[in-house]
Amino acid sequence: MTLVLFFYFACVIVATAVLVIASRKPVNSALALLVMFFHVAGLFILLGAEFIAAVQIIVYAGAILVLYLFVVMLLNVRADEGYHRQIRVALIAGLAILIEAVVLLSRSRFANGLSDSASPAPVATPGNTEGIGRVLYTTYLFPFEVASLILLVAMIGAILLAKKGIFDRPTVGAGFKPAPTERKTD
Amino acid sequence: MWTDALIPLLPFAAFVVIGLSDWFGRGFGERAHWIAVPAVLGSMVLSFIAFGSVLSDGAHDLTFYTWAVSGSFQASIGIHIDALTAVMLLLVTIVSSLVHIYTIGYMHGDAGYARFFAYIGLFTFSMLMLVAASNLLQLYVFWEAVGLCSYLLIAHWYERPAAAAAATKAFIVNRVGDFGFALGIFLIFSIVGSLDYDAVFRELPKHAEQVISIAGIPVNVITLISLLLFTGAVGKSAQFPLHVWLPDAMEGPTPISALIHAATMVTAGVFMMARLSPIFALSAVAMGLIAAVGAGTALFAATIALTQNDIKRIVAYSTVSQLGYMVMACGLGASAAGIFHLLTHGAFKALLFLGCGSIIHALSGEQDLRKMGGLKSHLPVTYRTFYIGALALAGIPPLAGFFSKDEILFRAFSTGGTGIVYWGIGVFTAYLTAIYSFRLIYTVFHGRPRAAPEAMKRLHESPSVMTVPLVVLALLSVTVGWAGLPVAGWNGIEGVLDPVLSTGGTSESAPGLLIILMLISVVAAVGGWMTARVLYLTRPELPARLAERAAVLYRLSFHKWYIDEVYDRLLVRPTIRMADRLWQGADVRGIDGAVNGVGAAAMAWARGLRRVQSGQLQHYALVMVVGTFVILTIYLLAR
Amino acid sequence: MVPLSYYVILSLVVFLIGVVGVLIRRNIIVILLSIELMLNAANINFVAFSHYLQDVGGQVFVFFVLTVAAAEVVVGLAIIIALYRGKGSIDVEVLNRMRW
């Protein structure tokens, strides 16, 4: 049963991923990505990470993607004129790396190992959310605080960058103001 | 005696003082002669004193300092005065003093007045050190030094391209001779191990039979040395084939033509052969060649002098011819006779050159005798002294030239065999010499004036600073020959020189033969005089007709036997072409190309590499991806 | 059940699709979307290993990846807006000022 679900999710994920990168219109790409997010969430639930699945949908699908759609609408982006000239090289390189990675994988330890043996009980009680919470606020407390700082910085950066007139005459800094017309003799 | 040191050092001091003040201070300008003339006059007085003391006491030696010590080799700079050196000192200082005084008048108003005096001071110093050398190294050093002074003085008016070219030609042709000379010195050193005259004269005879092989051909070492040393004389004394620089050297001011290219520098070659006669005497082959070259040059130059139109060039070729006599004398073993002729020639040739200078000065720069004529009433002193000089040159007794030239001819004849041929050449050349000497007199001073009327109006006799030296030289031209009168019992110049030079047999030995030969010489000289009189005075239309009749000969003579043209085609142009090719090919294309090529290559490389920075985000991303692929491949293959 | 290697391969494929997307699209926004693909692939990997190694640290890391992704998207889109204002285009081939 799980296998079937996995394959379903996997296929859709790959298909929508291809759609994301291949669609002419950016809106179509964004929407394909949305579908992919949902199916990734589904995959997470299959792996017993319900909390993460929920966070995935809330943050990615609900915030980030919406942001993308805002910007696409704002900039009134039209369809692309085509792919970059290096598409052939890129595809070949990607394929080559895929093959090599698979070969690497097949040689590695867990190809035979972990497949079924650790048929895992879902992460043990007390439940996914509580489990994450326990670890997050103890072992990973410092990274947690840093993450909040990252968000703060991103916010400030976004406000500054998107502000109108940010690239006009520099007014901050050395206090140097080139006088407009100082050519007439005093 | 320490006063001997002053003989060369006084003129040197004059050079230093005038030169330094010119460089660092305001220079002496028109007052330079106040430094130079007393210095050289002082030198002359001291030379007389030295001559007297050598005659009574024998040779002097004075070492200034030891210059080079290297292993067993030692060379010092100093003064060694024996009879030969003493007479040379006299010649150089007397002629130099007279030229100094003459220059005050001739170079008056010239921009390089002080520079001229400085350089002739340097020259006098170098020539004096040359004749007073006691080793071959000092000889060679000052040999080169006089060549340098010649270069500097010929190009005195260096803005004139002809003068600069002439100076370069003189230096380069001299260099050819000097190269052989240097090789000879090296060879001597390799055999003897020392360059002092005493050591060389002592040791070389022991190697008389020694043979070395050059490219498989066995050559007697002494012959080789003699021939190499002789090439130095050929260059310096303007013998064929290295004579070409002397006529061109007439581009320089006339005082130095008199000083350097008549009386002193060109005689350095003859002096050297006399000084080193013990070496030359060891090789009969070399002596034979020397005599042949001397005789040939004498005749050759005389034929050219017959047709030239520039008065200074006529006198220049005459100098070459007379030097040929001296060289021939040395080749016949009669170096004392050669030196005797050197002394008399110094007097009358300097006189002739200074006389030319006086004529040129009077005509405001004209040198072509076709534009002269009828000057005798306007330039009386010049005319009379010039006449005396011509008489001496032609060899009319009782003037100086007769005795010295005749001594050489006698010695040639008495050698027998080829000597008689040389005697014949000498007599014929004397005939030609008389012709061109009197040609000069008659075309310049007699006849109708051919100069432009304005020039004739400005005609004036030279100032006494110029005419007094002419008179002194005329007196010397008359009297100096009497020092060598071939009269038994009269010690004569040869008595003085013979003990020093390894020559033997003076003319007192065969008085009957001597008288006959003297008569023949006189006939030749007077015959030449009369021929010239006819050609240029009584029947002036004859020369043109003769020139037409013997057109080929005339052209050969007028164009100096085309030697310059031959050298130009054979040597000069190929050298210039090779230099051009080396310049273009090796330097511009090769070296510059390589250096610039490195730069160009770096720039081309950079231009190519720059394209990596395309500014395209996705190019960079692709490079990263390809890099990842490469790393993975390596990792996989390594496992 | 489902072998771990399947999850790894899946994440690998999605990641490479994202890489190719970065390389071939000329629209900056779609490039950013491809970057999201890559991040998601990493997330799948983390969660899969967290499940199979019974270590919840993997999921905590997904947390952080999510945070960073959000921050990056925000700043990236702000830059795009500023660029659009300056250049009038969001075609990557036009934005090539940082060249030699």
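Residues numbered from 1 in each chain as written. Chains lettered and ligands numbered in written order. Predicted model: local features only at pLDDT ≥ 70, side-chain atom pairs only at ≥ 80, totals over all residues. Heavy atoms only, no water.

Novice: Account for the overall build of chain A, with residues named and values stated.
Specialist: When helices and strands are counted, chain A shows 6 helices and 0 strands. Put simply, chain A runs from its N terminus to its C terminus through helices and strands in the order α-α-α-α-α-α. The contacts of chain A with a sequence gap of at least 6 include a subset with a gap of at least 24, amounting to 57%. With an accessible surface of roughly 11800 Å², chain A has 70% of that area assigned to carbon and sulfur atoms. (Helix = DSSP H or I, 4+ residues; strand = E, 2+ residues; numbered from the N terminus. Contact = heavy atoms within 4.5 Å. Areas by Shrake-Rupley, 256 points an atom, 1.4 Å probe, with all protein chains shown as cover.)

Novice: So what's going on with the overall build of chain B? Which residues, and what values?
Specialist: Summing up its helical and strand segments, chain B has 26 helices and 4 strands in all. For the C-alpha atoms alone, the extent of chain B along its principal axes is close to 120 × 70 × 55 Å. Of all intrachain contacts in chain B linking residues separated by at least 6 positions in sequence, the fraction that spans at least 24 positions is 78%. Total accessible area on chain B stands at roughly 26300 Å², and carbon and sulfur atoms take up 69% of it. Looking at chain B, you have 39 positive and 34 negative side-chain charges, and the mean spots of the two groups are 12 Å apart. (Lys, Arg positive; Asp, Glu negative; His and termini not counted. Charge placed at Lys NZ, Arg CZ, Asp CG, Glu CD.)

Novice: Please give an account of the packing of aromatic side chains that cites residues and values.
Specialist: Residues and elements named next belong to chain B. Inspection of every chain in the model, using the stated rule, returns 32 aromatic pairs over all chains. Pairing Phe-73 with Phe-189 gives two aromatic rings, centres 5.0 Å apart and planes at 75°, and the pair type is edge-to-face. Of this pair, Phe-73 sits in strand E2 (residues 73-81) while Phe-189 is found in helix H6 (residues 161-192), placing the two residues 116 residues apart along the sequence. What makes Phe-73 buried here is its relative accessible area of 14%. Given a relative accessible area of 33%, Phe-189 falls into the partly exposed group. Consider the rings of Phe-438 and Tyr-442, whose centres lie 6.3 Å apart with planes at 35°: the pair is tilted. (Phe/Tyr/Trp six-rings, centres within 6.5 Å; stacked < 30°, edge-to-face > 60°. Buried < 20%, exposed > 50% of the residue type's maximum accessible area, 1.4 Å probe, protein only.)

Novice: How would you explain the interface of chain B and chain C if you had to name every residue and give the values?
Specialist: Each partner contributes to the interface: chain B provides 12 residues, whereas chain C provides 14 residues. Summed over both partners, the interface of chain B with chain C buries about 980 Å², with 62% contributed by carbon and sulfur atoms. At the junction of chain B and chain C, the tally comes to 0 salt bridges. For the pair chain B and chain C, the interface holds 2 residue pairs in polar contact (both at pLDDT 80 or more). (Buried area = accessible area lost by both parts, 1.4 Å probe. Salt bridge = Lys/Arg side-chain N within 4 Å of Asp/Glu carboxyl O. Polar contact = N/O pair within 3.5 Å; in protein donor to acceptor, adjacent residues only side chain to side chain.)

Novice: Describe the domain arrangement of chain B, listing the residues and the values that go with them.
Specialist: A common way to express how large an interface is: the accessible area buried when the components associate. Domain parsing of chain B yields domain 1 (1-132), domain 2 (133-558) and domain 3 (563-638). One C-alpha centre belongs to domain 2 of chain B, the other to domain 3 of chain B, and the line joining them spans 61 Å. (Domains from an automatic or database assignment.)

Novice: Describe a nonpolar patch on the surface, with residues and values.
Specialist: Where nonpolar side chains cluster on the molecular surface, the patch consists of Tyr562(B), Val566(B), Leu570(B), Leu571(B), Val572(B) and Ile576(B) and spans about 540 Å² of accessible area. With respect to the element layout, Ile576(B) can be found in helix H25 (residues 563-610). (Patch = residues over 30% accessible without salt bridge, like charges linked within 9 Å, V, L, I, M, F, W, Y side chains within 5 Å.)

Novice: Summarise the interface of chain A and chain C; cite the residues concerned and give the values.
Specialist: In this assembly, 84 residues from chain A lie in contact with 67 residues from chain C. For the pair chain A and chain C, the summed buried surface comes to about 6900 Å²; carbon and sulfur atoms form 78% of the total. Ranking the residues of chain A by area buried against chain C places Ile21(A), Leu47(A) and Tyr68(A) at the top, with a combined share of 11%. At the boundary of chain A and chain C, one finds 7 residue pairs in polar contact (both at pLDDT 80 or more).

Novice: Which residues make up the confidence of the model for chain A, and what values go with them?
Specialist: Residues and elements named next belong to chain A. Of the residues in chain A, 77% reach a pLDDT of 70 or more, and the chain-wide mean stands at 81. Ranking the elements of chain A by mean pLDDT puts helix H5 (residues 128-136) last with 85 and helix H2 (residues 26-46) first with 94. Note on residues 113-119: pLDDT under 50 across the span, and 12 contacts to partners over four residues away in sequence or across chains. (pLDDT = per-residue confidence, 0-100.)

Novice: Can you tell me about the pattern of salt bridges, naming the residues and giving the values?
Specialist: Following the criterion strictly, the structure yields 14 salt bridges over all chains and no others. One salt bridge connects Lys206(B) with Glu203(B), and the closest N-O pair in it is separated by 3.3 Å. For the salt bridge of Asp91(C) with Arg26(C), the shortest nitrogen-to-oxygen distance reads 3.1 Å. Within this pair, whereas Asp91(C) is found in the segment after helix H3 (57-87), its partner Arg26(C) is found in the loop between helix H1 (4-24) and helix H2 (28-53), the two being separated by 65 residues in sequence. Assessed through its relative accessible area of 14%, Arg26(C) is described here as buried. Beyond isolated ion pairs, a larger network of salt bridges with shared partners links Lys169(B), Asp248(B), Arg313(B), Lys560(B) and Asp564(B).

Novice: Explain the pairing of strand E4 (residues 217-220) of chain B residue by residue, including any values.
Specialist: Residues and elements named next belong to chain B. Alignment of strand E3 (residues 211-214) against E4, held across 4 bridges, turns out to be antiparallel. Each residue of the ladder has a partner; that of Val-211, found in E4, is Asn-220. Where E3 folds back onto E4 in an antiparallel hairpin, the turn is made up of 2 residues, including Ala-215, whose phi is positive at roughly 50°. (Pairing = 2+ DSSP bridges.)

Novice: Talk me through the environment of Gly527(B); I want residue IDs and the actual numbers.
Specialist: Residue and element names in this part refer to chain B. Within the secondary structure layout, Gly-527 lies in helix H22 (residues 511-538). Residue classification places Gly-527 among the partly exposed positions, given a relative accessible area of 26%. Considering only alpha carbons, one finds Gly-527 and Tyr-431, 96 residues apart in sequence, at a separation of 6.8 Å.

Novice: Residue-level account of H22(B), with values.
Specialist: Residues and elements named next belong to chain B. For H22, built from 28 residues, the straight-helix expectation of 40 Å at 1.5 Å per residue is met to within 8% by its first-to-last C-alpha distance of 39 Å. Among the residues of H22, Leu-514, Leu-517, Met-518, Ser-521, Ala-524, Ala-525, Gly-528, Trp-529, Ala-532, Leu-535 and Tyr-536 are the ones counted as buried. Buried positions along H22 lie against helix H16 (380-394), helix H17 (400-415), helix H18 (418-445) and helix H23 (542-549). (Expected span 1.5 Å × (residues − 1).)

Novice: Give me the packing of H16(B) against helix H20 (residues 464-479) of chain B: which residues, what numbers.
Specialist: Residues and elements named next belong to chain B. Relative orientation of the contacting elements H16 and H20 amounts to 30°, with a least axis distance of 9 Å. Judged on the interaxial angle alone, H20 and H16 are roughly parallel. In this structure, H16 crosses over H20, and the sense of that crossing is left-handed. Together, Val-381, Thr-382, Thr-385, Ile-388 and Ala-392 of H16 and Thr-467, Leu-470, Val-471, Ala-474, Ser-477 and Val-478 of H20 make up the contact between the two elements. Along the lines of polarity and charge, the residues of the contact of H16 with H20 split into 7 nonpolar, 4 polar and no charged. (Axes fitted to C-alpha atoms, helices over the stretch in contact; angles between N-to-C directions. Parallel < 35°, antiparallel > 145°, perpendicular 65-115°, else oblique. Left-handed = near helix turned anticlockwise from the far one by under 90°. Nonpolar A, V, L, I, M, F, W, Y, C, P; charged D, E, K, R; others polar.)

Novice: Any chance you could break down the pairing of E2(B) for me, citing the residues and the numbers?
Specialist: Within E2(B), 7 of the 9 residues are buried, which leaves it mostly tucked inside the rest of the structure. Counted along the chain from strand E1 (residues 60-70) of chain B to the antiparallel partner E2(B), the turn is 2 residues long, and its residue Gly71(B) has a positive phi close to 65°.

Novice: Break down the side chain of Asn174(B) for me, citing the residues and quoting the values.
Specialist: Residues and elements named next belong to chain B. Examined against the element boundaries, Asn-174 turns out to sit in helix H6. Of the residues examined, Asn-174 reaches a relative accessible area of 4% and is grouped as buried. Those residues in contact with Asn-174 that lie beyond four places of it in its chain are Gly-235, Lys-236, Trp-245 and Met-265.

Novice: Could you give an account of the environment of Ala101(A), with specific residues and numbers?
Specialist: Within the element layout of this structure, Ala101(A) appears in helix H4 (residues 87-107). Sequence separation between Ala101(A) and Ile87(A) is 14 residues, and the spatial gap between their C-alpha atoms is 21 Å.

Novice: Account for the packing of helix H26 (residues 617-638) of chain B against H1(C), naming residues and giving values.
Specialist: Running from N to C, H26(B) and H1(C) point in directions that differ by 145°, and their axes come no closer than 8 Å. Contacts between H26(B) and H1(C) pair Gln618(B), Ala621(B), Leu622(B) and Val625(B) from the former with Val19(C), Val22(C), Leu23(C) and Ile24(C) from the latter. When the residues that make up the contact of H26(B) with H1(C) are grouped by side-chain class, the tally is 7 nonpolar, 1 polar and no charged.

Novice: I'd like to hear about the environment of Gln616(B), residue by residue, with values.
Specialist: Residue placement: Gln616(B) occurs in the loop between H25 and H26. Note on Gln616(B): relative accessible area 8%, which makes it buried. In this structure the C-alpha to C-alpha distance between Gln616(B) and Tyr113(B), which are 503 residues apart in sequence, comes to 77 Å. Sequence-distant contacts of Gln616(B), defined by excluding residues within four places in its chain, comprise His84(A), Val92(C) and Glu93(C).

Novice: Break down unusual backbone geometry for me, citing the residues and quoting the values.
Specialist: Residues and elements named next belong to chain B. Phe-240 connects to Pro-241 through a cis peptide bond whose omega is 0°. Note the cis peptide between Pro-397 and Pro-398, where omega equals -5°. Tracing the backbone through its elements, the reader meets Pro-398 in the loop between H16 and H17. Look at Ala-238: it is not a glycine, yet its phi comes out positive at around 55°. By the secondary structure assignment, Ala-238 is in the loop between helix H8 (221-236) and helix H9 (245-248). Of note in the backbone geometry, Tyr-562 takes a positive phi value of approximately 60° without being a glycine.

Novice: Got a sec to walk through the confidence of the model for chain B? Specific residues and values, please.
Specialist: In low-pLDDT regions, the fine details of the predicted coordinates are not to be read closely. All names here are of chain B. Scored by pLDDT, chain B comes out at a mean of 86, with 96% of its residues at no less than 70. Put simply, helix H21 (residues 492-497) is where chain B has its lowest mean pLDDT, 63, and helix H5 (residues 136-154) is where it has its highest, 93. For this predicted complex, the interface score ipTM comes out at 0.90, alongside a pTM of 0.71.

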